[in-house]
Amino acid sequence: MPDAALALPRLIAHRGLSARAPENTLAAVRAAHAVGVTWVELDVQLLGDGTPVIWHDAGLRRCSDRRGRLADLDLAAARRLDAGGWFGEAFRGEPMATLEAMLALLDALDMGVNLELKVNRGRDPRALVEAAVPAVMAALPPSRRLLSSFNDAALAHARTLAGPEALSLGVLVEGVGRDWRRRCEAVTACSVHADWKRLKAARAREVSEAGYRLLCYTANDPAAFAPRWEWGVEAVISDDPTRFMP
Ligand code: G3P
Ligand code: MG
């Protein structure tokens, strides 16, 4: 179902401006804002103590100075972790962002968020939704929030919690399969978010002509991406949206 309340831009910074700052941090969102990008895609998960944080992986190793699993970390331990030094010296000391701190920053900067409910293996989609969805709805207006997930249980629970109207939901897919409309209708989603490399023209047109918003992740080559705008793609999620700017 299309959602007129949603003010989606053409360019969305993937995990913040992750080409230029450590992904999913406050610094990456500030960097996106600094180059004139108004929306970011971010991943949300729960720490072991139930605190929602902005983090992509199940593990800590790739994007911090710690090893181990996010699910084994509590907030006190998360606050001691360095989520910036792996990217570059200039970012050493950057904290892991809590959802609460991130929402406060997005609000202060007047930015929108495509928040991905990231359900890694073995994690509970319902607990994530119950912690994250009310917080997002309280912090940002409907025009500046879109929740998406690969996980249909998370989307269904978000819809149950939010009610029929107030929350824009997006279905994440790799290729757009034959079941895209059934998945959208099951949760009253307004958008389909597809891997740009796997998107086919006919299926893209089917989605956009049905009135659904079509977004693509994660494209960093504007020339290669270009034909997709004519297929009805409304927004591109990019590690460096500045490449798509005129
Ligand atoms: O939301 C689009 C994209 O972020 C999905 O893949 O692995 O980058 O979270 P991933
Ligand atoms: Mg994501």
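This section reports on the structure supplied with the text. (Residues numbered from 1 in each chain as written. Chains lettered and ligands numbered in written order. Predicted model: local features only at pLDDT ≥ 70, side-chain atom pairs only at ≥ 80, totals over all residues. Heavy atoms only, no water.)

**Looking at the overall build of the protein chain**
Logical step 1: The number of helices and strands found in the protein chain is 9 helices and 9 strands.
Logical step 2: The C-alpha radius of gyration computed for the protein chain amounts to 17 Å, which stays within 12% of the reference 18 Å derived for 246 residues, consistent with globular compactness.
Logical step 3: Taking the principal axes of the C-alpha coordinates as reference, the protein chain spans close to 50 × 40 × 30 Å.
Logical step 4: Looking at the protein chain residue by residue over its 246 residues, the buried ones come to 54%.
Logical step 5: Contacts in the protein chain between residues at least 24 apart in sequence constitute 59% of all its contacts with a sequence separation of at least 6.
Logical step 6: Carbon and sulfur atoms provide 50% of the accessible area of the protein chain, an area that totals close to 10500 Å². (Helix = DSSP H or I, 4+ residues; strand = E, 2+ residues; numbered from the N terminus. Rg over C-alpha atoms; globule rule 2.2 N^0.38 Å. Buried < 20%, exposed > 50% of the residue type's maximum accessible area, 1.4 Å probe, protein only. Contact = heavy atoms within 4.5 Å. Areas by Shrake-Rupley, 256 points an atom, 1.4 Å probe, with all protein chains shown as cover.)

**Description of the side chain of S148**
Logical step 1: Inspection of the secondary structure assignment puts S148 in strand 5 (residues 145–149).
Logical step 2: A polar contact of 2.9 Å, which involves the side chain of S148, links it to the side chain of N114. (Polar contact = N/O pair within 3.5 Å; in protein donor to acceptor, adjacent residues only side chain to side chain.)

**Brief notes about the pairing of strand 7 (residues 191–195)**
Logical step 1: For strand 7, the buried fraction is high: 5 of the 5 residues fall into the buried class.
Logical step 2: Where burial is concerned, the two faces of strand 7 agree: the one with S191, H193 and D195 and the one with V192 and A194 are both buried.
Logical step 3: Pairing analysis gives 3 bridges linking strand 6 (residues 169–172) to strand 7, with the strands arranged parallel. Residue pairing in the sheet places G170 in a bridge with S191 of strand 7.
Logical step 4: The β-α-β motif built from strand 6, the intervening helix 6 (residues 180–187) and the parallel element strand 7 has right-handed crossover chirality.
Logical step 5: Pairing analysis gives 5 bridges linking strand 7 to strand 8 (residues 213–217), with the strands arranged parallel. The partner of D195 across the bridge, within strand 8, is Y217.
Logical step 6: As for the winding sense of the linkage, the β-α-β connection from strand 7 through helix 7 (residues 201–209) to strand 8 is right-handed. (Pairing = 2+ DSSP bridges. Right-handed = clockwise from strand over helix to strand, strands pointing away.)

**Details of the nonpolar core**
Logical step 1: Counting residues in each nonpolar core, the largest one holds 60 residues, and the members touching the most others are V40, L42, M102, L106, L115 and L199.
Logical step 2: Discounting chain neighbours no more than four positions away, the residues touching V40 are I12, A13, G16, V29, A32, L106, M111, G112, V113 and N114.
Logical step 3: Judged by nonpolar contacts, the second largest core, of 12 residues, contains W55, L60, A83 and M96. (Core = buried A, V, L, I, M, F, W, Y, C linked by side-chain atoms within 4.5 Å.)

**Considering the environment of Y217**
Logical step 1: Of note, Y217 is situated in strand 8.
Logical step 2: Along the chain, Y217 and S238 lie 21 residues apart, while their C-alpha atoms are 6.6 Å from each other.
Logical step 3: Among the polar contacts made by the side chain of Y217, one reaches the main-chain carbonyl oxygen of V173 at a distance of 2.6 Å.

**Here's the deal with the site of ligand 1**
Logical step 1: Near ligand 1 you find H14, R15, E41, D43, H56, E116, K118, F150, L172 and Y217, and these make up its full shell.
Logical step 2: Note that an oxygen atom of ligand 1 is positioned 2.7 Å from one of the side-chain N or O atoms of E41.
Logical step 3: Between an oxygen atom of ligand 1 and a side-chain N or O atom of D43, the distance comes to 3.3 Å.
Logical step 4: Burial of ligand 1 by the protein chains amounts to 89% of its free accessible area of 290 Å².
Logical step 5: In the shell around ligand 1, the residues fall into 3 nonpolar, 2 polar and 5 charged. (Near = heavy atom within 4 Å. Nonpolar A, V, L, I, M, F, W, Y, C, P; charged D, E, K, R; others polar.)

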